[in-house]
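# Structural overview for review
This is what each chain is made of:
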Protein chains: 2
Amino acid sequence: MTATEGPSAGEGAAVTRGDSRTDTEGRGTAVRAEPARRRGDTVAEVVRQWRAVHPDLDTGPMEVIGRINRCSALLQQAEDAPLRRAGLTRPEFDLLGALRRTGRELTPSELARETFSSGAAVTKRLKQLTERGLVERRGDTRDRRVAHVRLTDAGRDLVDGVLPAQLAYETAVLSGLQGPERGELAALLGELLGQLEGRPGTLRA
Amino acid sequence: MTATEGPSAGEGAAVTRGDSRTDTEGRGTAVRAEPARRRGDTVAEVVRQWRAVHPDLDTGPMEVIGRINRCSALLQQAEDAPLRRAGLTRPEFDLLGALRRTGRELTPSELARETFSSGAAVTKRLKQLTERGLVERRGDTRDRRVAHVRLTDAGRDLVDGVLPAQLAYETAVLSGLQGPERGELAALLGELLGQLEGRPGTLRA
DNA sequence: AGAAAATCCTTTACTAGTAAAACACCTGTT
DNA sequence: AACAGGTGTTTTACTAGTAAAGGATTTTCT
C-alpha cells in the first residue's frame, strides 16, 4: 500500500489531527473542496484519479488495500480516545492486554512477539509501565538472561476498566454495518488475514 | 504506516513463524507456542483468549477491527518493499502520488489533506523531496503565504516507474481471495469507510 | 573442560512524527 | 488607514520508534 493506495487516498496514513484547514476555496486550488461526501469514500475518489492518469493499470487491489489502510488509520485514531482517557497509548495497552489475555507472566521477548514490536520498544515501554506501577518484573531463577513480567493489581484493574469502554466504542463505530454485514466482513477479513499470515514469504517479495 | 517499516509492524522479526499480531485490536499477538497454523488467523486466537478471561464482554467488534488493523500492518510492511527499492518511504510516495494523481500543483495544505498528515510532516517531507529533485516549489504570485508544489520530471518518472510494481505486488498479495470475494470485501470495506468518513464526530467520541 | 555460537535483553545513535508556538501575510471592520 | 484576527507554512522542543551494537549468560561442539 503505500501510496499507491495511498495515504492519500487512502492509505492509511496518519489521520490528522486538528489541522486547520479550511480551504477558502476561492483560490483555485481547492483540490476537492467538497465537504465530506455522504456517499462514497475517499478511496474511491483516489482510485478514480489514478485511473484517469493511468488507464492501463489495474487499480482493483487498491480498492481493498487502500480501504483497509484507511479504515485502520481512522479506527486507530478513534480508538485512541478511550485509551487516552486512561492515560495509555495504544502500544502500552497492547502490552498490558497481552499480559491480561494470556493470564500469565511473559518475558520481554514474548511480549515483543505478542505485540509485534521490536525488543527495544518493549524495553522502553516496560520501563515506563514499571515506573507507573502497572507491571512488575522478576528475574528467571535458572536463566539469568531472562526476565518475567506480570501485571500488578493496578495494571490488571486498569485493563479491565478500559476494555469495556473500548469494546462499547468499537460496537458503536461498527453500528453502520447492519444485519449480517459485520459477520461477512469479519469472515472475509479473516480469510485474507489467514492468507497473509499463512504465507509469510508472499509478503516479502 | 508510519515508520520506516510501518508503524506497527515493526521489527525485523517480521514474519518469522509464529508471528502474529493483533492485540486487542490488531496489534500483536502471537500466540506462540503453537506451530504456525495453516488455518485460522491470529486475531481469532486473541479473541478466544479475551473471551476466556472476560466471558461477559461482547468481543464481536474485535473480529472486524482487530483484523483490519492486523491486515493493515502486514500489508504495509509488505508493500514497503517495492518502495524501498525505489528509495522512498511510504509517506514520501504518498505525497508524490497525490501530485501525480491530481495532475496539478498542490499547496502544502492540500498535500497534508490528501495524505492525511500534519502540515509539519509535509514541510519535512517536501524539504527532502526537493533536495532530491523530485518536486519543485514556487510561491504564489498573489498570496505570498502560499506555496505551490509540483513534480519534477524525475519525480513523475519515479512514481510512474514504481506504481506498476506496487499494483502487481498488491494483486499477488490478494490472490488468495478467489472469485467474487475480493469485490465483496472491497464493497463491505467501502461501506464501513463511508460510514467512518461520513460521520467524523462518531470517531471522536 | 573450554572456546565458539546462540540467546535474551538493553543501550546507543538516529529518524520521523507530533503539538504548539512563531512568522509572515492577507482580509475585514471600523 | 490601521488594527484585530484569520490563514498558510515553518520552526522548535520533544517523543517514540528503529537498527545495530553491546553486555551478560547459556548452550553447543569438540
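Our subject is the structure that appears above.
The structure reproduced in this document is the subject of the present report.

Going through the model one piece at a time under the given rule, you end up with zero aromatic pairs over all chains. Cation over ring: Arg-70 of chain A sits above Phe-116 of chain B, and NZ or CZ is 3.4 Å from the ring centre.

This part takes up the pattern of salt bridges. Residues and elements named next belong to chain A. In this structure the tally under the stated criterion is 29 salt bridges over all chains. For Arg-67, the salt bridge goes to Asp-41, with nearest N and O atoms at 2.7 Å. With Arg-67 in helix H3 (residues 60-85) and Asp-41 in the loop between helix H1 (2-5) and helix H2 (42-53), this pair connects stretches of sequence that are 26 residues apart. Grouping residues by exposure puts Arg-67 and Asp-41 together as buried. Measuring nitrogen to oxygen at the nearest pair gives 3.5 Å for the salt bridge that ties Arg-90 to Asp-94. Pair noted here: Arg-90 and Asp-94 are both in helix H4 (residues 90-102), with a separation of four residues, about one helical turn. Each member of the pair, Arg-90 as well as Asp-94, carries the same accessibility label: buried.

Another point: the environment of Lys-124 of chain A. Residue and element names in this part refer to chain A. Mapped onto the fold, Lys-124 is located in helix H6 (residues 119-131). A residue is classified by how much of its surface remains accessible, and Lys-124, at 64% relative accessible area, is exposed. Residues Lys-124 and Gly-139, spaced 15 residues apart in sequence, show a C-alpha to C-alpha distance of 17 Å.

Reading guide: rules and limits
Residues numbered from 1 in each chain as written. Chains lettered and ligands numbered in written order. Predicted model: local features only at pLDDT ≥ 70, side-chain atom pairs only at ≥ 80, totals over all residues. Heavy atoms only, no water. Phe/Tyr/Trp six-rings, centres within 6.5 Å; stacked < 30°, edge-to-face > 60°. Lys NZ or Arg CZ within 6 Å of the ring centre and 35° of its normal. Salt bridge = Lys/Arg side-chain N within 4 Å of Asp/Glu carboxyl O. Helix = DSSP H or I, 4+ residues; strand = E, 2+ residues; numbered from the N terminus. Buried < 20%, exposed > 50% of the residue type's maximum accessible area, 1.4 Å probe, protein only.

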